[in-house]
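Report on the structure
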Amino acid sequence: MSSIEDEVSWAVEYYWSKLSDQAAEQQEGEDAARGRRAEVLGGRQLDGFATVCEEILMDAGVPEESIYFDHEATLPGYFRATKRWDLAVIHDGELLAAIEFKSITSSFGNNLNNRTEEALGSPTDLYTAYEEGAYDTSPRPWLGYLMLMAENDDSTGSVRVSEPHFDVLEDFDGASYVDRGEQLCLRLLRQRLYDGCAFLLSDAERGVDGEYWEPQEELAFRRFAGSLVGHIKGYLEFQGTSQERF
């Protein structure tokens, strides 16, 4: 596997290429050269990130057949029957991890509000189901959340907020949508709703060449991946030790 930065760059390039339908034939040729990756990619813009995570998981020792995508990553909830995650790791009948990949490139106000509600609800639903025994003997699963946001004039400008009765929190006063997206991911992580969060910025012009940037080090993809790998390796090593002992 190449460097994490190169892999993320490829996923960003894939995203913008699919979004704009540019260089489709070139992309198909690159996908074909990636073997298993070409089988996983379903044509959705964020599928590149799913396959990058798959390769990271396989490098950590997870068998290919234990990694699920899209409808096969549907998991039980507590407040609703099921939730379709973008990627799930289910090994030996135990849920080890689940990840969401999201993007916002337009209509930032409405889309960010919707993303916020989804991001808050999904871990609450899954962890409550876990506490109520929906996942049998599974360890507490690792949950991840990744957001890719377009950086442009609409997303970087100061946004007015309505304050008819009470003042909004200081961090949101005059903050841009980029600022709000960063704060969302940072707070999801610090409030421990997710075990790993990544926040990436890119734009339509440079994104087709794979360029991206990470404004907050705490939300860098490398940290996101490191946390995931640490959880997975800890489980696999303990499982191997337990089998040897007993």
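Read on for an overview of the structure. Everything numeric here is computed off the predicted structure, so don't read it as measured data.

What counts and what doesn't
- Residues numbered from 1 in each chain as written.
- Predicted model: local features only at pLDDT ≥ 70, side-chain atom pairs only at ≥ 80, totals over all residues.
- Heavy atoms only, no water.
- Phe/Tyr/Trp six-rings, centres within 6.5 Å; stacked < 30°, edge-to-face > 60°.
- Helix = DSSP H or I, 4+ residues; strand = E, 2+ residues; numbered from the N terminus.
- Buried < 20%, exposed > 50% of the residue type's maximum accessible area, 1.4 Å probe, protein only.
- Lys NZ or Arg CZ within 6 Å of the ring centre and 35° of its normal.
- Lys, Arg positive; Asp, Glu negative; His and termini not counted.
- Salt bridge = Lys/Arg side-chain N within 4 Å of Asp/Glu carboxyl O.
- Contact = heavy atoms within 4.5 Å.
- 1 Å grid on protein atoms, 1.4 Å probe; cavity = no way out; pocket = protein on both sides within 12 Å on 5 of 7 lines; lining within 4 Å.
- Points joined across faces, edges and corners; volume = space filled by probe spheres on them.
- Nonpolar A, V, L, I, M, F, W, Y, C, P; charged D, E, K, R; others polar.

With that settled, consider the packing of aromatic side chains. Across all of its chains, the model carries seven aromatic pairs by this definition. Centre to centre, the rings of tryptophan 142 and phenylalanine 224 are 5.4 Å apart; their planes meet at 75°, and the pair counts as edge-to-face. Residue tryptophan 142 is found in strand E6 (residues 142-150), and its partner phenylalanine 224 is found in helix H9 (residues 221-245); the two are separated by 82 residues along the sequence. Taken individually, tryptophan 142 and phenylalanine 224 each receive the classification buried, so the pair is uniform in this respect. Across from the ring centre of tryptophan 85, 5.7 Å away, lies the NZ or CZ of lysine 83, which sits over that ring. Seen from the ring of tyrosine 127, arginine 140 lies directly overhead, with NZ or CZ sitting 4.0 Å from the centre.

Looking now at the side chain of glutamate 94. Along the chain, glutamate 94 turns up in strand E5 (residues 94-104). In this structure, glutamate 94 is buried with no salt-bridge partner, the nearest side chain bearing the opposite charge being arginine 140 at 15 Å. Glutamate 94 has contacts with Val89, Thr137, Ser138, Pro139 and Tyr235, leaving out every residue within four places of it along the chain.

Our next topic: the layout of surface pockets. Computed from the structure, the largest pocket encloses a volume of approximately 340 Å³. Sorting the residues of the lining of the largest pocket by element identifies helix H5 (108-131) and helix H7 (177-190) as the ones contributing at least two each. Broken down by element, the residue count for the lining of the largest pocket peaks at six residues, all from H7. For the lining of the largest pocket, the per-class residue count stands at 10 nonpolar, five polar and two charged. Roughly 180 Å³ of internal volume is contained in the second largest pocket.

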